[in-house]
Amino acid sequence: MKSNVVIVKSGAISPFGNDAKNIINEVQSNKNQILTERFNKIKNFNFYGYGYKTKTYTDRSSQLCVHSISQLLKNSKFDPFDVGLITVSKYGCLESGMKYLNQLKTLKNTWFASPMQFTHSICNMPNSISCIEFGIKGITNHFFGNSESSLYAIWQAAVSLKDNITDEMIVCAFDSISDEHIRLIGIEEKSHEIVYSEAAVSLKLKLKENCNESDILCEIMGMGFSSDNNKTKSLQNAVLNSINDANIDKNDVNFFVSNAYLTNDFYKYERKAIEGILYDGIPVLMPKRYLGDSLSASLFMSLTVICNSIECKLPFRFINTLDSKGDNAIHAGDIAVLAGYNNTGYATSICIKIGGKNDY
């Protein structure tokens, strides 16, 4: 991929705040806040109090998705056919699906089961509702998966821009926390030490040639993909491919952003993968230890925070090792590598150059 696609704006909602600005300020305040619950829901958020056009019942996942996208499109005018939307979620609208199935079990006449819950349970409503809410009529798509799928969504968005299919692309990754999500996470995850965090994060992408340098949060320099039964080897190949795609030397990379929550997992999977690909002692950030694991939204949240934290000291829990000089800061022009992977051996990696803009 040529280095001509940039991210110009971010929007987010999480337990740390109802917009990207508050989340970033919370991280930069260096309070070292620790999420105390294993599953952390977003509090003090009333979707219907924000004046959205959607007035009917909306699934929690749809609410988070719409709200984070609104931060990108607020007070902006655009041709609806020139903006596309790609969304990502690991679980989708499970809560609605379970409500519908429970209705079928309890109602004597299943004819009266909620058609809205049924619709939510069988299709991607967050993407559809967002398109209706904001009048988006360009290319749309939805991926089911974790952070590796979120990076793949960025790749498709970038290709759509380079092929002149659209002028702007929005990618949004989200996952809500319901009783059904908690049940599935309990089945899928072996570790009970991981803290989960409800979140939605949106990014706006444009061609670099259509932006001023002052508009750029980060430039997408390269992307890499890999699939292998050996998860470590797959991640290693994806990172190598992203660096080669960026056409840079490994020594040009200033830091690596871990997708692990547990330090043991970083050493078990990621450290082995980057040994020999990136230089020894490369600075490492571990945002999940501070922000919690927000599943599909995790890497987008990490990317949003680091791109808006230029020259800011980061919380201790955010850092494994960062700057060898001891300033623990991110600088404009720094090159970072982020990677996502899953248990089936599929991995994606993105190499970015941080711009000089602070979004807020």
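The rules behind the values
Counting restarts for each chain: residues are numbered from 1 in the order of the written sequence. Local features in this predicted model are restricted to residues whose pLDDT is 70 or higher, and side-chain atom pairs enter the listing and the counts only when it is 80 or higher, whereas totals over whole chains, interfaces and linings include all residues. Heavy atoms throughout the structure, all of them, feed into the side-chain values; hydrogens and water do not. A run of H or I in DSSP becomes a helix once it reaches four residues, and a run of E becomes a strand once it reaches two; helices and strands are each numbered from the N terminus. The globule rule used here is 2.2 Å times the number of residues to the 0.38 power, and the radius of gyration it is set against is calculated over C-alpha atoms. Each residue is assigned to one of three classes by its accessible area relative to the maximum for its type, calculated with a 1.4 Å probe on protein chains only: buried under 20%, partly exposed between the two thresholds, exposed over 50%. Pairs of residues are marked as contacts when any of their non-hydrogen atoms sit within 4.5 Å. Per-residue and other accessible areas were derived by the Shrake-Rupley procedure at a 1.4 Å probe size, with only the shown protein chains allowed to occlude residues. Under the convention used here, Asp and Glu are negative, Lys and Arg are positive, and both His and the chain ends fall outside the count. In this description, the location of a charge corresponds to atom NZ of lysine, CZ of arginine, CG of aspartate or CD of glutamate. Two N or O atoms count as a polar contact when they lie within 3.5 Å, although within protein this holds only if one can serve as hydrogen donor and the other as acceptor, and sequence-adjacent residues are included solely when both atoms are side-chain atoms. For this analysis, a salt bridge means a side-chain nitrogen from Lys or Arg found within 4 Å of a carboxyl oxygen belonging to Asp or Glu. The convention used is that axes are lines fitted to C-alpha atoms, helices contributing only their stretch in contact, and that angles between N-to-C directions extend from 0 to 180 degrees. For classification purposes, an angle smaller than 35 degrees is called roughly parallel, one larger than 145 roughly antiparallel, one from 65 to 115 roughly perpendicular, and anything else oblique. By definition, turning the near helix anticlockwise from the far helix through less than a right angle yields a left-handed crossing, and turning it clockwise yields a right-handed one. In the scheme used here, Gly and all other residues not listed as nonpolar or charged are polar, with Ala, Val, Leu, Ile, Met, Phe, Trp, Tyr, Cys and Pro taken as nonpolar and Asp, Glu, Lys and Arg as charged. Side-chain rings of Phe, Tyr and Trp (the six-membered ring for Trp) are treated as a pair once their centres are within 6.5 Å; stacked means planes under 30 degrees apart, edge-to-face means over 60, and tilted covers the remaining angles. The pairing criterion is simple: DSSP has to find at least two bridges between the two strands.

A. Geometry of the overall build of the protein. Across its full length, the protein holds 11 helices and 13 strands. In summary, the protein has a C-alpha radius of gyration of 20 Å against a globular reference of 21 Å for 360 residues, a match within 12%. The principal-axis extents of the C-alpha atoms in the protein amount to approximately 65 × 45 × 40 Å. Classification of the 360 residues of the protein by burial places 58% in the buried group. Expressed as a percentage of contacts within the protein between residues at least 6 apart in sequence, the contacts between residues at least 24 apart total 79%. Split by element, the accessible area of the protein, about 15,400 Å² in all, is 48% carbon and sulfur. Of the side-chain charges in the protein, 36 are positive and 37 negative, and the distance between the mean point of each set is 5 Å.

B. Region of interest: the side chain of Asn342. By the element assignment, Asn342 lies in the loop between strand E12 (335–341) and strand E13 (346–354). A distance of 3.3 Å separates polar atoms of two side chains, one belonging to Asn342 and the other to Glu148.

C. Structural detail: the pattern of salt bridges. A complete count under the given rule lists 9 salt bridges for this structure. As a salt-bridge pair, Glu198 and Arg60 come within 2.9 Å of each other at their nearest N and O atoms. Of this pair, Glu198 sits in the loop between strand E6 (196–197) and strand E7 (199–207) while Arg60 sits in helix H2 (residues 60–73); the two residues are 138 residues apart in sequence, bridging distant segments of the chain. In this structure Arg60 comes out as buried when scored by relative accessible area, which is 17%. Here Glu168 ties to Lys204 by a salt bridge, and the two come within 3.8 Å at their closest N and O atoms. Taken as a pair, Glu168 in strand E5 (residues 168–175) and Lys204 in strand E7 lie far apart in primary sequence, 36 residues in all. Of the two residues examined, Glu168 and Lys204, each falls in the buried class.

D. Quick look at the side chain of Ser89. Topologically, Ser89 is positioned in strand E3 (residues 83–89). Exposure remark for Ser89: the relative accessible area of 0% places this residue in the buried category. If near-sequence neighbours (up to four positions away) are discounted, Ser89 is found in contact with His142, Phe143, Phe144, Gly145, Phe174, Asp175 and Ser296.

E. Seen up close, the packing of helix H8 (residues 231–246) against helix H9 (residues 263–274). Contact geometry of H8 with H9 gives a least axis separation of 8 Å together with a crossing angle of 45 degrees. Viewed along their axes, H8 and H9 adopt a mutual orientation that is oblique. In this structure, H8 meets H9 at a crossing whose hand is right-handed. Note on element contacts: H9 touches H8 through Lys268, Tyr269, Glu270, Lys272 and Ala273, opposite Lys231, Thr232, Leu235 and Gln236. Split into classes, the residues belonging to the contact of H8 with H9 amount to 3 nonpolar, 2 polar and 4 charged.

F. Main features of the packing of aromatic side chains. One pass over the full model with this rule turns up 11 aromatic pairs. Both rings, one in Phe16 and one in Tyr290, keep their centres 5.3 Å apart while their planes meet at 20 degrees; by these two values the pair is stacked. Here Tyr290 lies in helix H10 (residues 288–291) and Phe16 lies in the loop between strand E1 (5–13) and helix H1 (20–28), a separation of 274 residues in the sequence. Site record: aromatic cluster; members linked through ring pairs are Phe45, Phe47, Tyr48, Tyr50 and Tyr52.

G. Broad picture of the pairing of strand E8 (residues 218–227). Summarising burial for E8: 8 of the 10 residues are buried, a large majority. As paired elements, E1 and E8 share 3 bridges and run antiparallel to each other. Paired with Val5 across the bridge in E8 is Ile220.

Any functional reading would require information that these geometric values do not contain.
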